[in-house]
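This is what each chain is made of:
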Amino acid sequence: MEDSRIALPIGTALDRFIKKYQDQFKYATGELSQLLRDLALAGKVVNREINKAGLMNIGGAYGSINPQGEEQQKLDILTNIRFSRALTKGGEVCGIISEESEEIIYTGNHDGNYVVAIDPLDGSSNIDVNVSIGTIFSVYRRKSKTGMPVTMEDMLQPGKEQVAAGYILYGSSTMLVYTTGHGVNGFTYEPSLGEFFLSHPNMTIPEVGKIYSINEGSYNSFEQPVKDFIEHCRDNNYSGRYIGSLVADFHRNLLKGGIYIYPKTEKSPEGKLRLMYECNCLAFIIEQAGGAASDGVNRIMDIVPTEPHQKAPFFVGSKNLVEKAESMYNQQS
Ligand code: AHM
Ligand code: MG
């Protein structure tokens, strides 16, 4: 991996960066590059809408329910439209799994070679309180023949088959962080120029982290290994930090070293987070940054999905912490 890492200077514009490293990708036809540009453009549009949410009456609930049975926010719906439209019109994508659409979105682009799994707006309960939220995406190359309708096998690939993954964090500044399997790079949005610029080249997570991020309010319903792990964190005076926005919690831990956990709970016996468009994407990024991602027992990216909205328990972050959490499960078995 080291050899193929990036050597462009901080301040390089995203477009230039994508173009420069396009050839690293084994298919290298420019389609993946275009897809990434489409995602970045939709991200800019969404960023503009989020920034105006308080003024435009697009905050709050829409009055409908998503496939997970959760109340959809107006911005959830808007961002789902923005991203699915950008990916459909772009032409490179033949199928989309989205958190906000029960059914797979068939774009009609039979010549598109890629499928995308996306959570258009994660952490949407934080919109109305002006707290960071994010978009999370995964890109796979289709398995079936180009020119044919996309198949379920194309849509449901394990995380280790991802060719790209990333997130956009709408925070105190807006950032796009992504990997194509050659390290992780972060770009900060400059609103007056309308452009993302390389600000965090070759991101790596500190090997030893001292932050743990989990909703401890659900402590009583955690499995014993998770309780034991929390005890370990407390005994070592680790810092507890939990925003309740996965992308924001993940991003902080990526920079500072730490672990994010969403385990099984009584309310969510399979975990709350979705494998295809929350766990896998961040697992690919964290592994590329030198960290680890697990469901407590298995590597996240090895899990073979059986349905688009499948859930998984999620432990992601610095290696020492993920391995420690896994060891608590090992001790139990
Ligand atoms: P969402 O996809 O409906 O926004 O739910 C995912 C979010 C994550 O961003 C966050 O880490 C988690 O749910 C918070 O859940 P909880 O409030 O149960 O701690
Ligand atoms: Mg989500």
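The rules we used
- Residues numbered from 1 in each chain as written.
- Chains lettered and ligands numbered in written order.
- Predicted model: local features only at pLDDT ≥ 70, side-chain atom pairs only at ≥ 80, totals over all residues.
- Heavy atoms only, no water.
- Domains from an automatic or database assignment.
- Contact = heavy atoms within 4.5 Å.
- Buried area = accessible area lost by both parts, 1.4 Å probe.
- Salt bridge = Lys/Arg side-chain N within 4 Å of Asp/Glu carboxyl O.
- Polar contact = N/O pair within 3.5 Å; in protein donor to acceptor, adjacent residues only side chain to side chain.
- Helix = DSSP H or I, 4+ residues; strand = E, 2+ residues; numbered from the N terminus.
- Nonpolar A, V, L, I, M, F, W, Y, C, P; charged D, E, K, R; others polar.
- Near = heavy atom within 4 Å.
- Areas by Shrake-Rupley, 256 points an atom, 1.4 Å probe, with all protein chains shown as cover.
- Buried < 20%, exposed > 50% of the residue type's maximum accessible area, 1.4 Å probe, protein only.
- Pairing = 2+ DSSP bridges.

Our next topic: the domain arrangement of the chain. Per the domain assignment, the segments making up the chain are domain 1 (14–200) and domain 2 (211–332). The straight-line distance from the C-alpha centre of domain 1 to that of domain 2 is 22 Å. Each partner contributes residues to the interface: domain 1 has 48 residues there, and domain 2 has 33 residues. Interface area, domain 1 with domain 2, both sides summed: about 2800 Å², of which 66% is carbon and sulfur. Put simply, domain 1 and domain 2 have 2 salt bridges between them. Between Lys160 and Asp302 there is a salt bridge, and its shortest N-O distance comes to 3.8 Å. Run the count over domain 1 and domain 2 and you get 13 residue pairs in polar contact (both at pLDDT 80 or more). For the side of domain 1 that touches domain 2, the secondary-structure elements that each account for two or more residues are strand S3 (93–98), strand S5 (114–122), strand S6 (133–141), helix H5 (152–155), strand S7 (162–170) and strand S8 (174–179). It is S7 that provides the largest number of residues to the side of domain 1 that touches domain 2, a total of 8 residues. In terms of residue class, the side of domain 1 that touches domain 2 is made up of 23 nonpolar, 19 polar and 6 charged.

Around ligand 1, 17 residues are found, and the nearest of them are Asp122, Tyr242, Leu246, Tyr260 and Tyr262. The separation between an oxygen atom of ligand 1 and a polar main-chain atom of Leu246 is 2.7 Å. At 2.6 Å, a side-chain N or O of Tyr262 approaches an oxygen atom of ligand 1. Considering ligand 1 on its own, with 470 Å² of exposed area, one finds that the protein chains cover 83% of that surface. Those elements that provide at least two residues to the shell around ligand 1 are S5 and strand S13 (259–262). Among the residues forming the shell around ligand 1, the class breakdown is 5 nonpolar, 5 polar and 7 charged. Formed jointly, the shell around ligand 1 draws a minimum of three residues from each of two domains, domain 1 (14–200) and domain 2 (211–332).

Time to look at the pairing of S5. Buried residues dominate S5, accounting for 9 of its 9 residues. For S3 and S5, the ladder comprises 5 bridges, and the chain directions are parallel. Bridge assignment links Gly95 to a residue of S5, and that residue is Val115. Sheet topology note: the S5/S6 ladder contains 7 bridges and is antiparallel.

Across the sheet, which stays open at both edges, the 5 strands sit in the order S12-S11-S13-S15-S14 with mixed pairing between neighbours. The open sheet has two edge strands, strand S12 (239–240) and strand S14 (292–294), and neither has a second partner. Direction of pairing for S14 relative to strand S15 (residues 314–317): antiparallel, over a ladder of 3 bridges. Across the sheet, Ser294 pairs through a bridge with Phe315, a residue of S15.

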